[in-house]
Amino acid sequence: ERVDDKSRIKTLPLKELDISARLADTPRYLKFPDGAKLETLDNDAVDRLAAGFGRTTWLDRVHLLESRLKYAIVGLALLLVFLWAGIQFGIPWAAKAIAHMLPPSILDVASQQTLSMLDRAMLSTTELDADTVERLKTHFQPLVAAHADHDVKIIFRKGNSLGVNAFALPDGTIIFTDEMVTLAEDDQELSAVLAHEIGHVVQRHGMRSMVQDSLLGFAILAITGDITGSSELLIGLPVLLTELAYSREFEREADEYALAYMRDHDIELKHFANLMRRVEEKAGRDKDDDKKKWINYLSTHPMTEERLKAFE
């Protein structure tokens, strides 16, 4: 009902009135116990009313901060620091905790789907002779047996576009490409690579990587509030950039695991470095050939002098 003569139409204690917090110059609402609601743009009047009766809250300080440029700049800086810390430390920590809590059934499904996709798109049936496959599986048996809790399985595939490669799936399946086996000059070199890949399995790096990507994507969505195609660039680029940093950390952890195992079992550390040097040399010979666009072990396991020297 509209009242133009300023007559009083309702009387009640101020404590029963719900006053919305101020947000810039957006409308304010005064909510009455009976469900009625007053909307007004006179924020200053509402502020005076609330202050006159001691109805200030911590949200009033938020408005004070947002209405001052210097406070807004400080707030933005703190937000950026918080986001950086969350991406750099929070997401990896959460992903590690989640990955180690996932049941084996999840790891099996993820690995089966990944292997199926690789077999369709990149890999093909191994061309290694049966004697070579049997010899390597026998040679690897002590290492596999030492990790019985992780259900390590060794399979061989022709790498094709993946070329010289070896990688671990979340369920403990480790794939060696024919090209990697052919390049090795000593079975112990392949054992060193296997120890490194088992390090990825033990640390659950595969699942951690997937969980990290998912958490980062959700974080970007929560910040932007945009789930349409316009946010794809914002999501994809940070995932790519942070994944590169996470991969370096995963490789360092797998290196440490391999180093410890090889020392404990009297496997010469140089075997890993020797094979990686050979991989580097092959990549250097092939990189100038525009017709050869295969991805080798170095693209998924980037080597650095510091890492190789640890094995040399």
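Treat the numbers as computed from the prediction; the structure is a model and nothing was measured.

Rules used in this analysis
- Residue numbers restart at each chain and count upward from 1, following the sequence in its written direction.
- Reporting in this predicted model follows two pLDDT cut-offs: at least 70 for local features of residues, and 80 or more for side-chain atom pairs to be given and counted; totals over whole chains, interfaces and linings ignore these cut-offs and use all residues.
- Hydrogen atoms and water are omitted, and side-chain values are computed over all heavy atoms in the structure.
- Strands pair, by our definition, only if DSSP identifies at least two bridges between them.
- The secondary structure listing takes helices from DSSP runs of H or I that are at least 4 residues long and strands from runs of E that are at least 2 residues long, numbered from the N terminus.
- By definition, residues are in contact when any of their heavy atoms lie within 4.5 Å.
- Note on ring pairs: Phe, Tyr and Trp rings are taken, using the six-membered ring of Trp, and paired if centres are within 6.5 Å. Classes follow the plane angle, with under 30 degrees stacked, over 60 edge-to-face and the rest tilted.
- Buried residues are those whose accessible area, probed at 1.4 Å on protein chains only, stays under 20% of the maximum for their type, while exposed residues exceed 50% and partly exposed ones sit between those limits.
- Residues adjacent in sequence count toward polar contacts only when both atoms are side-chain atoms; beyond that, a polar contact is any pair of N or O atoms within 3.5 Å, and within protein one must be able to donate a hydrogen and the other to accept it.
- Here a salt bridge means any side-chain nitrogen of Lys or Arg lying within 4 Å of a carboxyl oxygen belonging to Asp or Glu.
- One less than the number of residues in a helix, times 1.5 Å, gives the span that helix is expected to have.

S.K.: What exactly am I supposed to notice about the sheet that holds strand β3 (residues 37–40) here?
M.R.: Strands pair in a sheet through their backbones, by hydrogen bonds, and they do so in one of two ways: parallel or antiparallel. A sheet is described by the order of its strands in space; here three strands give the open sequence β1-β2-β3, paired in antiparallel fashion. Two strands bound the open sheet, and with one partner strand each, they are β1 (18–19) and β3. Pairing between strand β2 (residues 28–31) and β3: four bridges, direction antiparallel. Counterpart to tyrosine 29 in the pairing with β3 is glutamate 39.

S.K.: Could you clarify how one ought to interpret the environment of methionine 122 in this entry?
M.R.: For methionine 122, the location among the structural elements is in the loop between α4 (104–121) and β4 (124–125). A sequence separation of 38 residues divides methionine 122 from asparagine 160, and the C-alpha atoms of the two residues are 6.5 Å apart. When sequence neighbours within four positions are dropped, the list of residues in contact with methionine 122 reads Met117, Lys158, Gly159, Asn160, Ser161 and Leu162.

S.K.: Explain the packing of aromatic side chains to me, please; I cannot follow it from the model alone.
M.R.: Any two aromatic rings considered together are summarised by their centre-to-centre distance and by the angle between their planes. Inspection of the entire model under this criterion finds four aromatic pairs. Centroid distance tryptophan 84 to phenylalanine 89: 5.5 Å. Interplanar angle 85°. Geometry classified as edge-to-face. Note on phenylalanine 89: relative accessible area 51%, which makes it exposed. Arranged with centres 5.4 Å apart and planes meeting at 20°, the rings of phenylalanine 140 and phenylalanine 176 form a pair that is stacked.

S.K.: I tried to follow the side chain of aspartate 171 on my own but got confused; where do I start?
M.R.: Summarising the element assignment, aspartate 171 is placed in the loop between β6 (166–168) and β7 (173–177). Given the relative accessible area of 13%, aspartate 171 is considered buried. A polar atom in the side chain of aspartate 171 sits 3.1 Å from the side chain of threonine 173. Discounting residues that sit within four places of it in the chain, aspartate 171 has contacts with Leu107, Asp108, Ser111, His150, Asp151 and Lys153.

S.K.: How should I be thinking about the pattern of salt bridges in this particular structure?
M.R.: With the rule as written, the count across this model stands at 12 salt bridges. In this structure, arginine 135 and aspartate 187 form a salt bridge, with 2.9 Å as the shortest nitrogen-oxygen distance. Remark: aspartate 187 occurs in helix α7 (residues 187–202) and arginine 135 occurs in helix α5 (residues 130–145); sequence separation between them is 52 residues. Given the relative accessible area of 41%, arginine 135 is considered partly exposed. Through salt bridges with shared partners, a single network forms among Asp151, Lys153 and Asp171.

S.K.: What is the right way to look at α7 in this model?
M.R.: Along an α-helix, residues three or four apart share an orientation, since each turn contains 3.6 residues. For α7, which comprises 16 residues, the first-to-last C-alpha distance of 22 Å matches the rise-based estimate of 22 Å (1.5 Å per residue) to within 8%. By the criterion of burial, α7 is predominantly enclosed, with 14 of the 16 residues buried. With a side-chain oxygen lying 2.7 Å from the backbone nitrogen of glutamine 188, the N-terminal cap of α7 falls on aspartate 186. Once α7 finishes, arginine 204 follows within two positions and takes phi at roughly 55°, a positive value.

S.K.: For this particular structure, what's the right way to read the sheet that holds β4?
M.R.: Ordered in space as β4-β5-β7-β6, the four strands form an open sheet in which the pairing is mixed. The outermost strands of the open sheet, each flanked by one partner alone, are β4 and β6. Bridge count between strand β5 (residues 153–158) and β7: five bridges; the pairing is parallel. The partner of isoleucine 155 across the bridge, within β7, is isoleucine 175.

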